[in-house]
Amino acid sequence: MTVLWFDNLQWAQPGVRKLLAVVVRSLLDLPFLLVTARRPEDAPQWPPPELDRPLLVRLPLGPLTSSEAKALVRRVAELEGHGHIADDKTVDAL
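Here the residue numbering is sequential within each chain, running from 1 through the sequence in written order. This being a predicted model, a pLDDT of at least 70 is required before a residue's local features are given, and a value of 80 or more before pairs of side-chain atoms are given or counted; all residues contribute to the totals for chains, interfaces and linings. The basis for every side-chain value is the complete set of non-hydrogen atoms in the structure, without hydrogens or water.

Trainee: Lay out the overall build of the chain with the relevant residues and their values.
Mentor: Only DSSP runs of H or I covering at least 4 residues are called helices, and only runs of E covering at least 2 are called strands; the numbering of each starts at the N terminus. Looking only at helices and strands, the chain features three helices and two strands. The order of α-helices and β-strands along the chain, N terminus first, is β-α-β-α-α. Each of the 94 residues in the chain was classed as buried or not, and the buried ones make up 15%. If you sum the accessible surface of the chain, you get close to 7600 Å²; carbon and sulfur atoms cover 60% of it. For the exposure calls, accessible area comes from a 1.4 Å probe over protein chains only, and a residue counts as buried if that area is under 20% of its type's maximum, exposed if over 50%, partly exposed in between. Each accessible area is a Shrake-Rupley result for a 1.4 Å probe, and residues are judged covered by the shown protein chains and nothing else.

As structure tokens, this is what we get:
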């Protein structure tokens, strides 16, 4: 299976979005997954209504809570720091 991830679709030029639609239509019969992420405000409609796919899943994500954001920062710091645990002061500063 081929997976293509396209982040920040809200900033993509119209030609890029059209190209993604062509890619999806071209690969209709192949094991292919297109994952896009975009912010909902001022974002163009995606996928376009004329794009007929067997399965479309929309997963709206809200903002992280403060504790979720701190946990994410702490985890990334641990991974980047080769297991070193980030203290609260460091996490709050980030």
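Trainee: An account of the pairing of strand E1 (residues 2-6) is requested, with residue identities and associated values reported.
Mentor: The pairing of E1 with strand E2 (residues 32-36) spans five bridges and is parallel. Counterpart to Trp5 in the pairing with E2 is Val35. Assignment of crossover handedness uses the view with strands pointing away from the viewer, where a clockwise path from the first strand over the helix to the second indicates a right-handed crossover. Each parallel crossover has a hand, and for E1 linked through helix H1 (residues 14-26) to E2 it is right-handed. Note on pairing: DSSP must find at least two bridges between two strands before they are called paired.

Trainee: Run through the side chain of Arg17, naming residues and quoting values.
Mentor: When you line up the elements, Arg17 lands in helix H1. Accessibility expressed as a relative area gives 17% for Arg17, which makes it buried. Here a polar contact is taken to be a pair of N or O atoms separated by no more than 3.5 Å, where protein atoms must pair a possible hydrogen donor with a possible acceptor and residues adjacent in sequence count only if both atoms sit in side chains. Within polar-contact distance, the side chain of Arg17 engages the backbone oxygen of Ala12 at 2.4 Å. When sequence neighbours within four positions are dropped, the list of residues in contact with Arg17 reads Leu9, Ala12, Pro44 and Trp46. By definition, residues are in contact when any of their heavy atoms lie within 4.5 Å.

Trainee: Give a detailed account of the environment of Val23, specifying residues and quantitative values.
Mentor: As for its position among the elements, Val23 is in helix H1. Spatially, the C-alpha atom of Val23 lies 9.2 Å from that of Leu34, the residues being eleven residues apart in sequence.

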